[in-house]
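# A look at the structure
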Amino acid sequence: MIRQVCGICVFLFPLAVLGGEPLDVWPGLAPGETTSNAGEPQPFRKGEEPPVTRVENITHPTLTVWLADHPNGAGVVILPGGGFGKVVTDKEGSEIAAWLNRHGVTAFVLSYRTTQPGGSLPGWRRPLQDAQRTMSLVRSRCGEWNLDPNRIGIAGFSAGGQVAARLLCDGGRKTYDRVDETDDTVHRPDFAMLIYPWNLYDSETNALIQDCVVPQNCPPTFLVHTDDDRASSLSSVLFYAELKRLGIPSELHVYGSGGHGYGLRPIPGSQISTWPDHAAHWLKSIGATAPASN
């Protein structure tokens, strides 16, 4: 079923149907895990139309591959949001993948591990491990998916945006011990999209959070936020300011209204649903959606 909502096609098929069978991110248990649970969806929230899928209790991260009908050789790993306690697999996952596919980009939706009761690690740590591993996994299998290993990007939404930003700033160092030869493959993205990244701004220091020191080799980055987002737009503004200071080609859009957590979906009274048009233009400008060479 495809449902039309305010001019945008929202795909409501289960992820495994349109995207294929999920792939394991780790061989066996993920680092530090004692269980292997792909997660359970929460009940749909009353009044949400279209409904939003939120998956919790993930200890076994998986990756779903979305192949474009006319692939151009570029790939993007998608990190949905969910505040680390859940993963929004459709609004910030499969719907984004379908949009990228329409631009010839092969997409990879990551259902990363979520926080567990009594856990001692900060909420972002395990998702960052999963994201680092996934970037190496995708690049190491470029031949299988007909991808250019120099055109592999990352797109993070909300909490996933924070994870993506931390990955951009990790200095090329993984936050887990080597598991196998996949981890020998570089995990640095060639471009990035941070869409309403969550809590990169530290109000006490009036600066980016401690672990987000933008490096000189940070790839070109596209950022989107709204002025009325309770997760301050200073997260995106300050990250962009550092990119600009370092001379890294990037683009920032701050809309007056739209709140938080919209994905591709329109918000009444806001122009936030135009951000994908700007993003598509930017992806083309950096060569991410250029036709594959013969």
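In this report, the structure presented in the accompanying data block is examined.

Rules used in this analysis
- Residues numbered from 1 in each chain as written.
- Predicted model: local features only at pLDDT ≥ 70, side-chain atom pairs only at ≥ 80, totals over all residues.
- Heavy atoms only, no water.
- Helix = DSSP H or I, 4+ residues; strand = E, 2+ residues; numbered from the N terminus.
- Rg over C-alpha atoms; globule rule 2.2 N^0.38 Å.
- Buried < 20%, exposed > 50% of the residue type's maximum accessible area, 1.4 Å probe, protein only.
- Contact = heavy atoms within 4.5 Å.
- Lys, Arg positive; Asp, Glu negative; His and termini not counted.
- Charge placed at Lys NZ, Arg CZ, Asp CG, Glu CD.
- Pairing = 2+ DSSP bridges.
- Phe/Tyr/Trp six-rings, centres within 6.5 Å; stacked < 30°, edge-to-face > 60°.
- Salt bridge = Lys/Arg side-chain N within 4 Å of Asp/Glu carboxyl O.

## Observations regarding the overall build of the protein
Counting its regular elements, the protein contains 6 helices and 15 strands. Rg of the C-alpha trace for the protein: 18 Å, near the compact-globule value of 19 Å for 294 residues, within the 12% margin. Expressed as a percentage of the 294 residues in the protein, the buried residues total 53%. In the protein, 76% of the contacts between residues at least 6 apart in sequence involve partners at least 24 apart. When the 24 basic and 30 acidic side-chain charges of the protein are each reduced to a single mean position, those positions are 2 Å apart.

## Description of the sheet that holds strand β5 (residues 54-56)
Taken together, 3 strands build an open sheet; the order of strands is β4-β5-β8 and the sheet is antiparallel. A strand with exactly one partner marks an edge of an open sheet, and here the two such strands are β4 (40-41) and β8 (86-88).

## Things to note about the packing of aromatic side chains
By the definition in use, this model includes 8 aromatic pairs. For the ring pair Trp 99 and Trp 275, a centre distance of 5.7 Å and an interplane angle of 65° mean the geometry is edge-to-face. Remark: Trp 275 occurs in helix α6 (residues 275-285) and Trp 99 occurs in helix α2 (residues 90-102); sequence separation between them is 176 residues. By relative accessible area, Trp 99 is classed as buried at 6%. Judged by centre distance (6.0 Å) and plane angle (70°), the rings of Phe 157 and Tyr 196 are edge-to-face. With Phe 157 in strand β10 (residues 152-157) and Tyr 196 in the loop between β11 (192-195) and β12 (201-202), the pair connects residues that are 39 residues apart, well separated along the chain. The exposure classification of Phe 157 matches that of Tyr 196, with both residues buried. These aromatic residues form a ring-pair network of at least three members: Trp 99, Phe 157, Tyr 196, Tyr 262 and Trp 275.

## Focus on the environment of Lys 46
Structurally, Lys 46 can be placed in the loop between β4 and β5. Here the alpha-carbon distance between Lys 46 and Asn 199, two residues 153 residues apart in the chain, equals 27 Å.

## Quick look at the pattern of salt bridges
A complete count under the given rule lists 12 salt bridges for this structure. Between Glu 242 and Arg 245 there is a salt bridge; the shortest N-O distance is 2.9 Å. In this pair, Glu 242 and Arg 245 both sit in helix α5 (residues 234-245), 3 residues apart, roughly one turn of the helix. Looking at Glu 242, the relative accessible area reads 26%, which means it is partly exposed. Where salt bridges share partners, they join Glu 33, Arg 113, Arg 126 and Asp 130 into one cluster.

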